[in-house]
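Summary of the model geometry
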Amino acid sequence: MTQTQDDNKRKTAEAALEYIKGISIIGVGTGSTVNHFINYLADLKSEIEGTVSSSNGTTARLKELGIPVLDLNAVGDIEVYVDGADEVSPQKQLVKGGGGALTREKIIAAASKQFVCIADESKAVDVLGAFPLPIEVIPMARSYVAREMVKLGGQPEWRENFITDNGNQIIDVHNMEIMEPIAMEKTINDIPGVVTVGIFALRPADVILLGSPDGIITR
């Protein structure tokens, strides 16, 4: 990653702080841009009651900085969820799951009143699908789901030696041009054995913050 790209991520993470003012419980995602956001949260920990984390990695990082992590079952709705993305469309629909935390990320996004997506401008696309589409699957269904994805026009690849925090496996589907993200999300989620797909269209982001050399682009 270039220094400029990392600077963009850091600036974007800082811009997200505007959206958590006065919020006591914050949903926190996973990934390199979110790691910058967590570093900023450390300075505000006296002002927040706690966080709900989307991955074991994020939980460990938050605890290391002395930020409390709460169980989603114990907190109800979350006011604001801050997370990154692998692709962002003009409709604020996303592809997520490059880090493998897509299922917990989707649960927290669904339970949140406002979803703020932070990314650098390289993640902005006109059509989703150039980034390999992650699908979390029950292990016994992996080959079956892969065959179903071939029928849908994709080229599935098993993410070997990777187990999700939920104990499942991931298929990354290449060469998918996702023209109708909501329909595609529903279709893939309905395949038996799929835990969830990394299309975030039924519950898109509410705000997109994209870091660029010229500053933050807000959608």
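Look up: the structure comes first, before these words.
Below you will find a few notes about this structure. As the structure is a prediction and not an experimental result, all values here were calculated from the model.

**A short note on the sheet that holds strand E7 (residues 133-137)**
- The antiparallel open sheet is built from four strands, whose spatial order is E8-E9-E7-E10. Each edge of the open sheet is held by one strand with a lone partner, namely strand E8 (155-158) and strand E10 (194-197). Taken pair by pair, the neighbouring strands of this sheet meet at an average axis angle of 30°, ignoring direction.
- The strands touched by helix H6 (residues 142-151) are E7, E8, strand E9 (169-174) and E10; relative to E9, the strand with the most contacts, the crossing angle is about 15°.

**A short note on empty space enclosed by the protein**
- For the structure shown, the criterion picks out one cavity of 30 Å³ or more.
- A volume near 30 Å³ is recorded for the largest cavity.
- Residue lining of the largest cavity: Ser54, Gly100, Ala101, Arg104, Glu136, Thr164, Asp165 and Asn166, and that is the complete set.
- In terms of residue class, the lining of the largest cavity is made up of one nonpolar, four polar and three charged.

**Some thoughts on the side chain of Glu185**
- For Glu185, the location among the structural elements is in helix H7 (residues 181-189).
- Here Glu185 falls in the buried class, since its relative accessible area comes to 3%.
- With sequence-adjacent residues up to four places away left out, Glu185 is seen in contact with Lys106, Val197, Ile199, Phe200, Ala201 and Leu202.

**Description of the environment of Ile135**
- You can see Ile135 is positioned in strand E7.
- On the basis of relative accessible area, Ile135 is assigned to the buried category, the value being 0%.
- On a C-alpha basis, the gap between Ile135 and Lys11 in space is 30 Å, while along the polypeptide they are 124 residues apart.

Thresholds, definitions, all that
- Residues numbered from 1 in each chain as written.
- Predicted model: local features only at pLDDT ≥ 70, side-chain atom pairs only at ≥ 80, totals over all residues.
- Heavy atoms only, no water.
- Pairing = 2+ DSSP bridges.
- Helix = DSSP H or I, 4+ residues; strand = E, 2+ residues; numbered from the N terminus.
- Axes fitted to C-alpha atoms, helices over the stretch in contact; angles between N-to-C directions.
- Contact = heavy atoms within 4.5 Å.
- 1 Å grid on protein atoms, 1.4 Å probe; cavity = no way out; pocket = protein on both sides within 12 Å on 5 of 7 lines; lining within 4 Å.
- Points joined across faces, edges and corners; volume = space filled by probe spheres on them.
- Nonpolar A, V, L, I, M, F, W, Y, C, P; charged D, E, K, R; others polar.
- Buried < 20%, exposed > 50% of the residue type's maximum accessible area, 1.4 Å probe, protein only.

Read these as geometric descriptors, not functional statements.
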